[in-house]
Amino acid sequence: AGQRVVVIGGGTGGATVAKYLRRLDNTLDVTLIEKNAIYTTCYMSNEVLSGDRTLESLQFNYDGLKAHGVKIVTDEVTGINYDGKLVLTKGGISYPYDRCVVSPGIDFRYDQIAGYSEAAIETIPHAWKAGAQTVVLRNQLLAMPNGGTVVIAAPPNPYRCPPAPYERASQIAYYLKQHKPNSKVIILDPKTSFTKQALFEQAWTELYGYKTSNAMIEWWSGDTKAAGVVGVDVASKTAITQFGDRVQGAVLNVIPPQKAGKLAFDADLVDSTGWCPVNKLTFESTRHANVHVIGDACMADALPKSGFAANSEGKVCAAAIYALLNGQEVESPSFSNGCYSLVGKDYAISVVGVYRLSDDGKLVESIPGSGGVSSATATAQDRLFDASYAYSWYNNFTQDVFK
Ligand code: FAD
């Protein structure tokens, strides 16, 4: 009792673990350190681009977690003193811990795209962290002419939310179809396939004339056109692909290659992959004892980098920390993931999966026969149901994380 857990990052993973630690044991002293007072969910942020949703509807404060007895500190963590078991902050206060959880999300490998940098994101937004960047991209869509092209540079694996670039293309096409019907979206992709591809392509065919001369979405695959973006010309909003093709957009949205959030580097939690290796039973770092890494920043094998997975990992990690603090055996966990993609009005597709540890306990693997994707032969009514499930998932999920 009274043992101290410090959680760094109050996003999806961090908020979940902090809340569930207090629910497991309300004598635990749980402190959550987050640099922003308000969190904006990336999930559903593609709907802001089509105009179907406001940014405010994606925003949450930390009053819900306070009500669970989590101490909220608004500050930026600068590092961890492992010998002293202290979390260090920009504000100068150090926070002692018995166990620490790190969920800092992702950062971008700007250096992999020649000519691109953080200084360019007002002109060429990534909009891969929701908030101000989402608004920049939305305003560019509003300002572009009817007949203009929106170019999306999709990232290589692994990255935050595998279906989201393709959901984004769909939401932008949905906006263009209503307001700028002579326009189109081109996705430049270094990959040769992507998640839920058959369902996305089916939806694009039904809704956006995919593969016709009037297509409002074109997907340039990494093999046929070597379409991975390796450079940009900021002033002309031109993407340069790996074969030297130049594709100019009225709007250019570059989603750069990714790595674990900066703090994970500052605290020496990453390996040469740029992500954080962890023991899959407890999510404890394999590099530093008593510190756990969850969410997008960690390597969790078959589990994708999604909010749903970060929440699942947060609950598993909370249970593991509770067991470790009380000298109990840690139970072998299972995990789940689910992801809805809204591809048009009243039209969504989804994927779910269930995961467990491999027999040797070293890997998170998909349970054979579990999960699946929406049916290829679904009716319009089924797609509408999937859309309504997407909205109720959002409401239930954000309640689970933040309230
Ligand atoms: P985050 O939620 O990003 O939280 C990290 C937090 O740490 C942030 O609040 C940050 O401010 C804080 N932080 C970082 N460094 C510090 C520091 N040094 N000090 C203090 N605080 C710090 N997932 C789904 O499940 N379903 C979806 O439909 C879905 N749609 C998406 C759509 C888009 C367009 C995008 C981009 C993502 C989507 N995702 C979706 C993915 C989801 O948003 C992420 O996987 C999830 O947010 C990961 O949680 P996290 O805790 O790892 O990181």
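Above: the structure in question.
Note that this is a predicted model, so its numbers are computed, not measured. (Residues numbered from 1 in each chain as written. Predicted model: local features only at pLDDT ≥ 70, side-chain atom pairs only at ≥ 80, totals over all residues. Heavy atoms only, no water.)

A. Structural context of the environment of Arg 246. Note that Arg 246 resides in strand β16 (residues 246-248). Along the primary structure Arg 246 and Gln 133 are separated by 113 residues, whereas in three dimensions their C-alpha atoms are 24 Å apart. Residues in contact with Arg 246, not counting those within four places in the same chain, are Asp 233, Thr 238, Ala 239 and Ile 240. (Helix = DSSP H or I, 4+ residues; strand = E, 2+ residues; numbered from the N terminus. Contact = heavy atoms within 4.5 Å.)

B. Seen up close, helix α8 (residues 307-325). Spanning 19 residues, α8 covers 26 Å between terminal C-alpha atoms, matching the ideal 27 Å at 1.5 Å per step. Here α8 lies mainly inside the structure; 14 of its 19 residues are buried. Measuring from the backbone nitrogen of Phe 308 back to the side-chain oxygen at the start of α8 gives 3.4 Å, which picks out Ser 306 as the cap. Where α8 terminates, the next one or two residues include Gly 327, which has phi positive at roughly 65°. (Expected span 1.5 Å × (residues − 1). Buried < 20%, exposed > 50% of the residue type's maximum accessible area, 1.4 Å probe, protein only. Polar contact = N/O pair within 3.5 Å; in protein donor to acceptor, adjacent residues only side chain to side chain.)

C. Region of interest: the pattern of salt bridges. Overall, the coordinates contain 14 salt bridges when judged by the stated rule. Salt-bridge contacts for Asp 189 lead to Lys 191; the nearest nitrogen and oxygen are separated by 3.0 Å. Asp 189 gets classed as buried once you look at its relative accessible area, which sits at 0%. Judged by relative accessible area, which is 8%, Lys 191 ranks as buried. The partner of Arg 356 in a salt bridge is Glu 365, with the nearest N and O atoms 3.2 Å apart. Look at Arg 356 and you get partly exposed, because its relative accessible area is 34%. (Salt bridge = Lys/Arg side-chain N within 4 Å of Asp/Glu carboxyl O.)

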